[in-house]
Amino acid sequence: MIEKDFVVEGLRRTRIDEYLEKELERAGYGGMDVQVTPMGTMVVVYAERPGMVIGRGGKTVRAITQKLKSKFNLENPQVEVKEVDVPELNPRIMAHKIAAMLQRGMHFRRVAYTTMRRIMAAGAQGVEVTISGKIRGARSATAKFTDGYIKKCGEPSTKHVKEGFATVQLKPGVLGVYVRIMPPEVVLPDKVEIEAPKVTETPSEESEEQVEAVEDLEDLEDLEEIEDLEDLEEDLESAEETEKEDTDGEESEK
């Protein structure tokens, strides 16, 4: 049946993921992706330190490829290693970092708050860190730390929120670390953008009257200037006529 094939394929991918997480824990394993191609099976491994995944002269990656072919029956497996751009936004890497700090004996509250500050400084919209187990005493307890805005239910919580899990063995018992991160590029369906209203200024009647009054004053000033020029021209003409009469009178006397 087709459903049975999907279940078998899902189990195989889960076992491959667990194997790679165990083998590449020191390299900062951040997840994997299996792509079936006509040439074979492409396994893309995301890691914080790709050099440790490849190994000296490609020794480690060849061993992983051989293991995938023999143990998990992958047809012509090809391993491609990609570096994680921002490790702080990868929940699996951060969960393993928290587990490593708890293994060194650091207090769980200090570890959780330090990790959340790093994740939020990387640009995440929200983060949730959950540490469960014998963290305070002989009885098991759960401590949950949140920062920012993160979805807890509905489709956005399963589609956009990334999750990571890790375990750590301590003297009191095993602790579980669960990290959920909402990346910065997520746009939620309920986001609403409010645009500023556009203000259009309509000229009032008083302003129009003032403009007309100013235009009338300018016309009056132009008319006054024209009249002054005409008066000057008349004065010049009369002065020229008087000069001519004076010169004619002097010539007749001579």
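The structure under discussion appears in the preceding block.
Residues numbered from 1 in each chain as written. Predicted model: local features only at pLDDT ≥ 70, side-chain atom pairs only at ≥ 80, totals over all residues. Heavy atoms only, no water.

Glancing now at the overall build of the chain. The secondary structure content of the chain amounts to 7 helices and 7 strands. In the chain, the succession of helices and strands from N to C terminus is α-β-β-α-α-β-α-α-β-β-α-β-β-α. For the chain, restricting intrachain contacts to residue pairs at least 6 apart in sequence, the fraction spanning at least 24 positions comes to 56%. Surface accessibility of the chain: about 18100 Å² in total, with carbon and sulfur atoms responsible for 50%. (Helix = DSSP H or I, 4+ residues; strand = E, 2+ residues; numbered from the N terminus. Contact = heavy atoms within 4.5 Å. Areas by Shrake-Rupley, 256 points an atom, 1.4 Å probe, with all protein chains shown as cover.)

What follows deals with the sheet that holds strand β2 (residues 40-47). Across the sheet, 3 strands lie side by side as β1-β2-β3; this open sheet has mixed pairing. Each end of this open sheet is capped by a strand with a single partner; those strands are β1 (29-37) and β3 (77-83). Across the sheet, the mean angle from the axis of one strand to that of its neighbour is 20°, orientation sign disregarded. By the bridge criterion, 7 bridges tie β2 to β3 in an arrangement that is parallel. Along β3, the bridge assignment pairs Met-42 with Gln-78. Sitting on the sheet, helix α1 (residues 2-23) touches β1 and β2, and the angle it makes with β1 is about 140°. (Pairing = 2+ DSSP bridges. Axes fitted to C-alpha atoms, helices over the stretch in contact; angles between N-to-C directions.)

Another aspect to go through is the environment of Ala-166. Summarising the element assignment, Ala-166 is placed in strand β6 (residues 162-169). The buried category is assigned to Ala-166, whose relative accessible area is 2%. Along the chain, Ala-166 and Val-179 lie 13 residues apart, while their C-alpha atoms are 8.8 Å from each other. (Buried < 20%, exposed > 50% of the residue type's maximum accessible area, 1.4 Å probe, protein only.)

On to the layout of surface pockets, then. Considered as a void within the structure, the largest pocket measures approximately 330 Å³ in volume. What lines the largest pocket is a set of 15 residues, and nearest its centre among them are Gly-30, Leu-89, Asn-90, Pro-91 and Lys-162. Counting residues per element, the ones that place at least two in the lining of the largest pocket are α4 (91-103) and β6. Classifying every residue of the lining of the largest pocket gives 7 nonpolar, 2 polar and 6 charged. Its boundaries defined by the atoms lining it, the second largest pocket holds a volume of some 280 Å³. Lining the second largest pocket are 17 residues; nearest its centre among them are Glu-25, Ile-93, His-96, Lys-97 and Ala-100. Looking at the lining of the second largest pocket, the element that brings in the most residues is α4, giving 7 residues. (1 Å grid on protein atoms, 1.4 Å probe; cavity = no way out; pocket = protein on both sides within 12 Å on 5 of 7 lines; lining within 4 Å. Points joined across faces, edges and corners; volume = space filled by probe spheres on them. Nonpolar A, V, L, I, M, F, W, Y, C, P; charged D, E, K, R; others polar.)

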